[in-house]
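# Working through the structure, step by step
Read off the chains here:
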Amino acid sequence: MTLTDWLVAALGLIVVGAALAVVTTAHVVRAGLWLVVALGGLAGVFLVLTAELVAWVQMLVYVGAVVVLLLFAVMLTRAPIGASPDLDRARWPAFLVGAGSAAALIVLLVDAYRWSSIEVDDVAPGTAEQVGAEIFRQWVLPFEVLSVLLLAALVGAIVVSTRRESR
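Residues numbered from 1 in each chain as written. Predicted model: local features only at pLDDT ≥ 70, side-chain atom pairs only at ≥ 80, totals over all residues. Heavy atoms only, no water.

## Looking at the overall build of the chain
- Within the chain, the secondary structure is distributed over six helices and zero strands.
- The linear arrangement of helices and strands in the chain, starting from the amino end, is α-α-α-α-α-α.
- Taking all 167 residues of the chain together, the buried fraction comes to 13%.
- Across the chain, every contact between residues at least 6 apart in sequence was considered, and the portion connecting residues at least 24 apart equals 67%. (Helix = DSSP H or I, 4+ residues; strand = E, 2+ residues; numbered from the N terminus. Buried < 20%, exposed > 50% of the residue type's maximum accessible area, 1.4 Å probe, protein only. Contact = heavy atoms within 4.5 Å.)

## Some details on the side chain of Gln58
- For Gln58, the position within the fold is in helix α3 (residues 52-76).
- On the accessibility criterion, Gln58 (7% relative accessible area) is buried.
- In this structure, Gln58 is in contact with Leu39, Leu42, Ala43, Phe46 and Val63, ignoring residues within four places of it in sequence.

## Some remarks on the environment of Ala55
- Here Ala55 lies in helix α3.
- Along the sequence, Ala55 and Ala43 sit 12 residues apart, while their C-alpha atoms lie 4.5 Å from each other.
- The residues contacting Ala55, other than those within four sequence positions of it, are Ala43, Phe46 and Leu47.

## Some details on helix α2 (residues 28-48)
- The end-to-end C-alpha separation of α2 is 30 Å, in line with the 30 Å expected for 21 residues at 1.5 Å each.
- Three or more residues of α2 are buried, namely Ala31, Gly32, Ala38, Leu39, Gly41, Ala43, Gly44 and Val45.
- Note on α2: the residue one or two positions beyond its end, Thr50, has a positive phi of about 60 degrees. (Expected span 1.5 Å × (residues − 1).)

## Some details on the packing of aromatic side chains
- If you walk through the whole model with that rule in mind, you get one aromatic pair.
- Ring geometry for Phe136 and Phe143: centres 5.5 Å apart, planes at 80 degrees, overall edge-to-face.
- Residue classification places Phe143 among the partly exposed residues on the basis of a relative accessible area of 40%. (Phe/Tyr/Trp six-rings, centres within 6.5 Å; stacked < 30°, edge-to-face > 60°.)

In short, geometric facts, not functional conclusions.
The following block contains the structure:
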């Protein structure tokens, strides 16, 4: 195994551990912070695999925008900061669904790739110009819909957090 394999495996363990902490914690704010760790570890995996542009987009869009929006929404709606009794439910149905989904994905990937390998020399590297052209020519509508969705979520959090005074 190469150093790259070890780094990807170590970062993968960090991501899986942080993801488990996200779904098992009873504190909403801590779940958001564990989500930052998980998404940051995933950006580290992209860096190790020499996909620098994808890693920085991961950090800017997911860690920088979505998680901050999530934390602001929690703060604006005056959600409880401590442990929430609403989050304490039976975990075995979620565990069964998660284990079944993981098993299905493993079977799908093993069946699709059959442990094949790809020669790195055969793949032409992409540039930021190619990625930008693809996003703003082919994917401009989903890109704009996502930005409107995030804006609507922020406005909705502000509206929910304001108190309506009785007249």
